[in-house]
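# Fold and contact review
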Amino acid sequence: MAYQALYRKYRPTEFEDVKGQDAIVETLKNQIVHNRMAHAYLFCGTRGTGKTTIAKIFAKAVNCENHKEGSPCGECPSCRAIAQNASMNVYEIDAASNNGVENIRDIIDDTNFTPAQGKYKVYIIDEVHMLSTGAFNALLKTLEEPPEYVIFILATTEVHKIPLTIMSRCQRYDFKRISVDTITARLQELIAEEGLQAEEKALRYIAKCADGAMRDALSLLDQCLAFQSEEVLTYEQVLQILGAVDAETFSQLLRHVVKGEVIECIHLLDRMVTEGRDLTQFVSEFTWYLRNLMLLKASDNAKEVIDMSAENLARLVEEAEMVEMDTITRYIRVMSELSGKLRATTQKRVTIEVTLIKLCRPEMESRDDSLLDRIRVLEEKMENGIPMMANVGSATSAQMTQETPRQTLKKAPLPAALPEDVQKVVQNWRAVLKQLGQPGATYLSNCMVSMDNENRLCLVTAEAVSRDWLNESVVSANPAEGETDTTNLDMIKTLIGNLTGTDMEVVVKFEADRMTAESKYPDLSNMIQMDIEEVEEIEE
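Attention here is on the structure that accompanies the text. What you are looking at is a predicted structure, and each value in this text was computed from that prediction instead of being measured.

### What about the overall build of the protein?
On a plain count of helices and strands, the protein comes out with 26 helices and 12 strands. Classification of the 540 residues of the protein by burial places 44% in the buried group. For the protein, the accessible surface area stands at approximately 29200 Å², while carbon and sulfur atoms represent 48% of it.

Structural data, given as structure tokens:
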């Protein structure tokens, strides 16, 4: 016999098997017991929460010859016929592919005939929101006054698309997402029935990934069991199969971000890409990790609502002491904005890298929460001691001897004059970055325009952030014209050439920080600023 997927094999056949929808199940059972069924129902809720399953069980129950307190017996001819999809009294229609007026007219014509067997004809219209406007209008009158032996069950995941005229003629039941605990317990039952073993932590993670959908949880479990190479399905195997990231990785990322360690963040992301992790899921789960951190920071009782192991929770408590609430909310805002951008971009990795740099460098933003984070960074620097030039008048010889080279760095002198083309580049550097677009504009936002000893235009930037991107190959926009592939650095040279009208020689220098860069290369923007101030004084 061919293998049957778990979600089909263990699909509930009676109300007692349904998990997580107790209120709806109890209401429908009471209606059957007291013979007070409605003529039309609207089942709405997210995918995999049991809408179609309960509709089929309800169809069996209303036609069952000897139901047990509202639940079908499963043994009478009517129950067996419905279970085998051989009953003429139950019609299941997929509105996604049968959404025209003619499809609804066929249903209406069929309602004129009484049931050949049993008491009721039940019409289950799945994904009913896909019906056309004409189809809804055709259904309206019959839905309002159907024959007494007809019951309509409309199921949808997008209830907002259902016309109000349809909704007002139905009893509406909202199917809620199933809790992680309920899904986990069900997975443990199925694992035992299959004669297999799995770590509770692994099953709980699958339940969490299912996002409240029992069917999704069974599909994910099926996928993980297919990979299983050992006797017990482990948590590490589940992470590997689902392309997920564990809480320890998110903890490392958060600590790097708080310390402003850009390179470590980029390396961690590179590791995720190398291991084949899903980047969209990575962003979503890191945002959720930050949400847990926010709850823990906001309330002493948040541990009760955070679904996390004791080990990870202890780590989270430690991190809550490291980060202020304003900073956490900024992180969540930036990551939420990133989630929206990922839906529209083809360069997910680059977009995430830009965001991680933004988290580490609050000075890149001007919003209020970013300003608070910038103040936090400055306060930490003050607490740890900001490198300063020693006071020559009061410093002892011992203090002068102990000064680090970084403390005595002096800025490189400005040249006497600037060539006209270099001056153009310095004055219009921001316009060049704007033309370059993202992510280059962000990578080079702190780039210093200078000249080297050979009077070449020199771009000085941070090595770790920019080197890989500058050398990255970019496919030509006009390959049909025979243009060859180019790098991002070539694109910058082209933009500078278009600005100056000359074929300038442009070199890039990489330095660890701004202070070191200014000690080796003159910051020409200061020279342009001096010229502007002199002009203003003359005009006065």
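Next comes the rest of the write-up.
### With respect to the nonpolar core
Among the nonpolar cores identified, the biggest contains 65 residues, and Phe282 and Trp429 are the most heavily contacted of them. For this core, the leading source of residues is helix α14 (residues 279-298), giving eight residues. Discounting residues that sit within four places of it in the chain, tryptophan 429 has contacts with Leu444, Cys447, Val449, Leu459 and Ile496. Ranked by size, the runner-up nonpolar core spans 27 residues in total, among them Ile178, Ala217, Leu233 and Tyr235.

### Looking at the sheet that holds strand β3 (residues 121-126)
The strand order across the open sheet formed by five strands is β2-β3-β4-β1-β5, and the pairing between neighbours is parallel. The open sheet has two edge strands with one neighbour each: β2 (90-94) and β5 (171-175). Adjacent strand axes in the sheet meet at a mean angle of 15°, parallel and antiparallel pairs treated alike. Across five bridges, strand β1 (residues 40-45) lies against β5 in parallel orientation. Note that in β5 the partner of tyrosine 41 across the bridge is glutamine 171. Most of the contacts of helix α6 (residues 133-144) go to strand β4 (residues 150-156), to which it runs at about 135°, and overall it touches β1, β3 and β4.

### Structural notes on the packing of aromatic side chains
For the structure shown, the criterion picks out 11 aromatic pairs. Seen from their ring centres, phenylalanine 43 and phenylalanine 175 are 5.2 Å apart, and the 55° between their planes marks the pair as tilted. Taken as a pair, phenylalanine 43 in strand β1 and phenylalanine 175 in strand β5 lie far apart in primary sequence, 132 residues in all. A relative accessible area of 0% places phenylalanine 43 in the buried class. Residue phenylalanine 175 is classed as buried on the basis of its relative accessible area of 5%.

### Some remarks on empty space enclosed by the protein
The final tally for this structure, using the stated rule, is one cavity of 30 Å³ or more. Estimated volume of the largest cavity: approximately 30 Å³. In terms of lining, the largest cavity is formed by Ser78, Ala81, Ser87, Met88, Asn89, Gln117 and Gly118. The residue inventory of the lining of the largest cavity, partitioned by class, reads two nonpolar, five polar and no charged.

### Here we look at the pattern of salt bridges
In total, this model carries 19 salt bridges according to the counting rule given. Its salt-bridge partner being lysine 56, residue glutamate 92 comes within 3.2 Å of it at the nearest N-O pair. Highlighted residues: glutamate 92 in strand β2 and lysine 56 in helix α3 (residues 51-63), separated in sequence by 36 residues. Among the residues examined, glutamate 92 registers a relative accessible area of 43% and is labelled partly exposed.

### Side note on unusual backbone geometry
Although it is not a glycine, asparagine 35 adopts a positive phi angle of roughly 55°. Note on placement: asparagine 35 falls in the loop between α2 (22-33) and β1. A positive phi is found at asparagine 85, a non-glycine position, where the angle reads about 55°. Within the secondary structure, asparagine 85 is located in the loop between α4 (77-83) and β2.

### A look at the sheet that holds strand β9 (residues 457-462)
Judged by pairing direction, the sheet is mixed, and its three strands sit side by side in the order β8-β9-β12 without closing on themselves. Of all the strands in the sheet, just β8 (448-451) and β12 (506-511) have a single pairing partner and so form its edges. Taken over all neighbouring pairs, the strand axes of this sheet differ in orientation by 35° on average, direction set aside. Here β8 runs beside β9; their pairing, made up of four bridges, is antiparallel. From the neighbouring strand, methionine 451 faces β9, where its bridge partner is leucine 457.

### Here's the deal with the environment of threonine 46
Among the secondary structure elements, threonine 46 is positioned in the loop between β1 and α3. The sequence separation of threonine 46 and threonine 157 amounts to 111 residues, and the corresponding C-alpha distance is 5.2 Å. Ignoring any residue separated from it by four or fewer positions in sequence, one finds threonine 46 in contact with Lys51, Thr157, Phe175 and Arg177.

### With respect to the environment of threonine 27
Within the element layout of this structure, threonine 27 appears in helix α2. The class for threonine 27 is partly exposed, based on a relative accessible area of 32%. C-alpha separation for the pair threonine 27 and tyrosine 173, spaced 146 residues apart in sequence, amounts to 9.9 Å.

Analysis parameters
Residues numbered from 1 in each chain as written. Predicted model: local features only at pLDDT ≥ 70, side-chain atom pairs only at ≥ 80, totals over all residues. Heavy atoms only, no water. Helix = DSSP H or I, 4+ residues; strand = E, 2+ residues; numbered from the N terminus. Buried < 20%, exposed > 50% of the residue type's maximum accessible area, 1.4 Å probe, protein only. Areas by Shrake-Rupley, 256 points an atom, 1.4 Å probe, with all protein chains shown as cover. Core = buried A, V, L, I, M, F, W, Y, C linked by side-chain atoms within 4.5 Å. Contact = heavy atoms within 4.5 Å. Pairing = 2+ DSSP bridges. Axes fitted to C-alpha atoms, helices over the stretch in contact; angles between N-to-C directions. Phe/Tyr/Trp six-rings, centres within 6.5 Å; stacked < 30°, edge-to-face > 60°. 1 Å grid on protein atoms, 1.4 Å probe; cavity = no way out; pocket = protein on both sides within 12 Å on 5 of 7 lines; lining within 4 Å. Points joined across faces, edges and corners; volume = space filled by probe spheres on them. Nonpolar A, V, L, I, M, F, W, Y, C, P; charged D, E, K, R; others polar. Salt bridge = Lys/Arg side-chain N within 4 Å of Asp/Glu carboxyl O.

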